[in-house]
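This is what each chain is made of:
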Amino acid sequence: MSMTPLEELRHSASHVLATAVLRLYPEARLDIGPPTDTGFYYDLDLDHKLTTEDLVKIEAEMKKIADENQPFIRKEVPRAEAEQIIRERKQERYKLGRLADIPAGEAISFYQNGEFMDLCAGTHVRYTAKLKAFKLLSIAGAYHRGDETNQQLQRIYGTAFPTKEELANYLTQLEQAKLRDHRKLGKELKLFHIDEDVGQGLILWTPNGSILRQQLQDFIMGELRKQGYSQVFTPHIGRLSLYKTSGHFPYYKDSQFPPVVERDFLDQLISSGCTCAEMSNRIDAVSVHLAERVNKLTGRETITKDRVLPDDQLIDGFLLKPMNCPHHVKIYSSQPHSYRDLPVRLAEFGTVYRWEQSGELNGMTRVRGFTQDDAHLFCTEEQLQPEILGCLSLVKIILTTLGMSDYRVRIGLRGPDSDKYIGDPAMWDKAEAACRSAAQTIAMAFTEEPGEAAFYGPKIDFMIRDVIGREWQLGTVQVDYNLPVRFNLTYIGADNTSHRPVMIHRAPFGSMERFCGVLIEHFGGDFPLWLAPEQIRLVPISDKNLDYAKTVLDQLLGSGLRASLDTHSDKLGAKIRRAELEKIPYVLVLGGKEAEAQSASLRSRAKGDEGIHKLADLLGRFTLEVATRALPVKKAEAR
RNA sequence: GCCGGCGUAGCUCAAUGGUAGAGCACCUGUUUUGUAAACAGGCGGUUGCGGGUUCGAAUCCCAUCGCCGGCUCCA
């Protein structure tokens, strides 16, 4: 087990944390305490509910242990002795299981510092005095082995650095990151609102946020037209039977909003004394006809007998769509296709609804209703690779245009448990190779992750971190061999026989909500001119300049720019301050001098006062900056 | 969903069992301003919602809704 020096330090800090906890709470039962990307934690079982005050005490005890300068000593022992050590220390509850995880033949080691001894592969710093800069940050619940059916433990998070300066820098960074949090900026800049009366995880896009979203949509739609996409519109709901054919219902029932069943139907069920469990079974069930059809198409018992009921027992209803694909599939299959028509590319900003667990909801990045910049491509096997390439280039255009370079690309391949994956292994090989070579062609660095594929095909995901350090999936490109089969999609080939198309799901932004959330944080609210809700604020020096200011406003609006006039009777400084706080890219100061020369005094967000310019020049500059979708100049670079 | 913390004016926060308050925002008036905050006055609250304890509850207890940090999940 090799660790970087920083990991070694943090891992040692977690041991010292455990040492301190046992001094204060000898009854604590320890699980594990590894280093993380940003610090370390230790999971422990303790009846006493730890509070932030307890953290202060534990941290003080850790400082003492560091001062005691205990050496970390490694001891390798046979398995039987390891078990004995764990029992002597009354830590058998979790540690014996951890011991059992160590494969036979591998060394079993303990690390001791002072009175504390822990089963541990290592490595560690040599003395506790090396721990000069650490801090406990938070307490959280965590399931033993990450399994929600297991005991929930208390997890203490902390961080450690080689020096106090580095720790202080990290903590300041955390504070600064919080200022860019999209939930905070969303409120300050009036970009979106979530109202508990509307519902958790349901975004209300306010006028400012709507401009942001609309600009992004217009941008991507322009690119889609260039790539030969067709625009479609589909409703927000669809019949349950549609999702039974696609397989989404009831397989993903727990992450869907409950189905809508007709009122007459419900009344009938209630009067017939139908129980909830019975009703649930009947809603989940499918007809003999549908089961036979799906099973025949997929060539196996995809829908098992226990889910089949006679037609008069079935309850149909509508589902808020959790995905757009079944609707798009139905558009494809509404008419016959020749190989000459392919690829068919159907695009829609489609709003979908998913029942996310309440504890998982987070601002705009994890919501229950969101709009995907979705599209479904229907193509031949041969077209798969170039089509994937086209999808990737879309994502690349977006990320490049927005200056987002801090992302990683993950190719999800099928894992070893082959039962989960549907479709012919030879087709999978081809699709996985197509993903790989498309990514290579476009020169994107990627990691291949076996087991991360969907059950219906491999995928390419774009992962981006938010200011808190949480990683989110944005853009995605997924190959699908399942839906074309289930819906019996075909096209007529050059050989005049029927063929099965391959489907690609792709969403370069992912969802507009999540993307905008991440984008707000990426720019810290200082949007490029083309995205800024308000681009230019007009500030007259005094009310005497209002008339001139109005003529300037008309010219800006007439050029398609988003501008407003500050008519408050405040002093100039106050008006400037207001515009700065609202992060408006440009302020035009208008006074007597400016009015005489059809000009304006320009103040830019990046550079400050830029002096007097002719209005005509300014209009040209602004419209060009919008048209080229120029990235904002950073304040530091401007100086 | 689970563990823990939190919920006071539009926003940021004060008031720890004894009269709900400040700053900003907003409105009115005065001021007419040259690059990040003029001055004065006014409006604004059933302390998330519902119960309970108490002579008296923002404060203590119960329940519920929501938010925050994790965990689990994410077609």
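What you see is a predicted model; the values in this text were computed from it and never measured. (Residues numbered from 1 in each chain as written. Chains lettered and ligands numbered in written order. Predicted model: local features only at pLDDT ≥ 70, side-chain atom pairs only at ≥ 80, totals over all residues. Heavy atoms only, no water.)

Draft legend 1. Quick look at a positive patch on the surface. Together, Arg 126, Lys 130, Lys 132 and Lys 164 make up a positively charged patch on the protein surface. Mapped onto the secondary structure, Lys 130 falls in the loop between β5 (116-119) and β6 (133-143). (Patch = residues over 30% accessible without salt bridge, like charges linked within 9 Å, V, L, I, M, F, W, Y side chains within 5 Å. Areas by Shrake-Rupley, 256 points an atom, 1.4 Å probe, with all protein chains shown as cover. Salt bridge = Lys/Arg side-chain N within 4 Å of Asp/Glu carboxyl O. Lys, Arg positive; Asp, Glu negative; His and termini not counted. Charge placed at Lys NZ, Arg CZ, Asp CG, Glu CD. Helix = DSSP H or I, 4+ residues; strand = E, 2+ residues; numbered from the N terminus.)

Draft legend 2. Quick peek at the pattern of salt bridges. Counted according to the given criterion, the structure contains 43 salt bridges. Notably, a salt bridge pairs Asp 118 with Lys 95, separated by 2.8 Å at the nearest N-O pair. Note that Asp 118 is positioned in strand β5 and Lys 95 in helix α4 (residues 92-101), a separation of 23 residues in sequence.

Draft legend 3. Structural context of the packing of aromatic side chains. All chains considered together, the criterion is met by 14 aromatic pairs. Residues Phe 161 and Tyr 170 carry aromatic rings whose centres are separated by 5.2 Å and whose planes lie at 40° to one another, so their mutual orientation is tilted. For the pair Phe 161 and Tyr 170, one class covers both residues: buried. Here a set of aromatic residues connected by ring pairs shows up, and it is made of Tyr 251, Tyr 252, Phe 455 and Tyr 456. Across the ring face of Tyr 41, the terminal group of Arg 155 is positioned such that the distance to the ring centre comes to 3.7 Å. The cationic tip of Arg 629 hangs over the ring face of Trp 530; the distance from NZ or CZ to the ring centre is 5.0 Å. (Phe/Tyr/Trp six-rings, centres within 6.5 Å; stacked < 30°, edge-to-face > 60°. Buried < 20%, exposed > 50% of the residue type's maximum accessible area, 1.4 Å probe, protein only. Lys NZ or Arg CZ within 6 Å of the ring centre and 35° of its normal.)

Draft legend 4. Layout of the sheet that holds β5. Spatially, β3-β4-β5 is the arrangement adopted by the three strands of the open sheet, whose pairing is antiparallel. The outermost strands of the open sheet, each flanked by one partner alone, are β3 (73-76) and β5. Across the sheet, the mean angle from the axis of one strand to that of its neighbour is 25°, orientation sign disregarded. Relative to β5, strand β4 (residues 109-113) runs antiparallel, the two being bridged by four bridges. (Pairing = 2+ DSSP bridges. Axes fitted to C-alpha atoms, helices over the stretch in contact; angles between N-to-C directions.)

Draft legend 5. A look at the domain arrangement of chain A. When the domains of chain A are assigned, the result is domain 1 (5-177), domain 2 (212-228 + 338-523) and domain 3 (536-638). Here the C-alpha centroids of domain 1 and domain 3 sit 56 Å apart. (Domains from an automatic or database assignment.)

Draft legend 6. Molecular detail of helix α20 (residues 615-627). In a regular helix each residue adds 1.5 Å, so 13 residues correspond to 18 Å; α20 covers 18 Å between its end C-alpha atoms and thus fits that length. For α20, the complete set of buried residues consists of Leu 615, Leu 618, Leu 619, Phe 622 and Glu 625. Buried residues of α20, viewed axially, fall in a sector of 135°; they line one side. Pointing more than 90 degrees away from the buried face of α20 are the exposed residues Ala 616, Asp 617, Leu 624 and Ala 627. Turning to α20, the residues buried within the fold contact β22 (536-540), α17 (546-558), β24 (586-590), β25 (599-604) and β26 (608-614). In the segment just after α20, Arg 629 is the residue with positive phi, at about 50°. (Expected span 1.5 Å × (residues − 1). Arc of directions from axis to C-beta. Contact = heavy atoms within 4.5 Å.)

Draft legend 7. Seen up close, the environment of Tyr 41. Turning to its location among the elements, Tyr 41 is positioned in strand β2 (residues 40-45). Its relative accessible area of 12% is what places Tyr 41 among the buried residues. Once the C-alpha coordinates of Tyr 41 and Ser 14 are considered, the two residues, 27 residues apart in sequence, prove to be 6.1 Å apart. Look past the residues within four positions of Tyr 41 in its chain and what remains in contact with it is Ser 14, Ile 32, Gly 33, Pro 34, Thr 36, Arg 155, Ile 156 and Tyr 157.

Draft legend 8. Expanded view of the packing of α17 against α20. Between α17 and α20, whose axes approach to 11 Å, the crossing angle comes to 35°. Crossing hand, α17 versus α20: right-handed. Contacts between α17 and α20 involve Tyr 548, Val 552, Gln 555 and Leu 556 on the former and, on the latter, Leu 615, Leu 619 and Phe 622. For the contact of α17 with α20, the residue count by class is six nonpolar, one polar and no charged. (Left-handed = near helix turned anticlockwise from the far one by under 90°. Nonpolar A, V, L, I, M, F, W, Y, C, P; charged D, E, K, R; others polar.)

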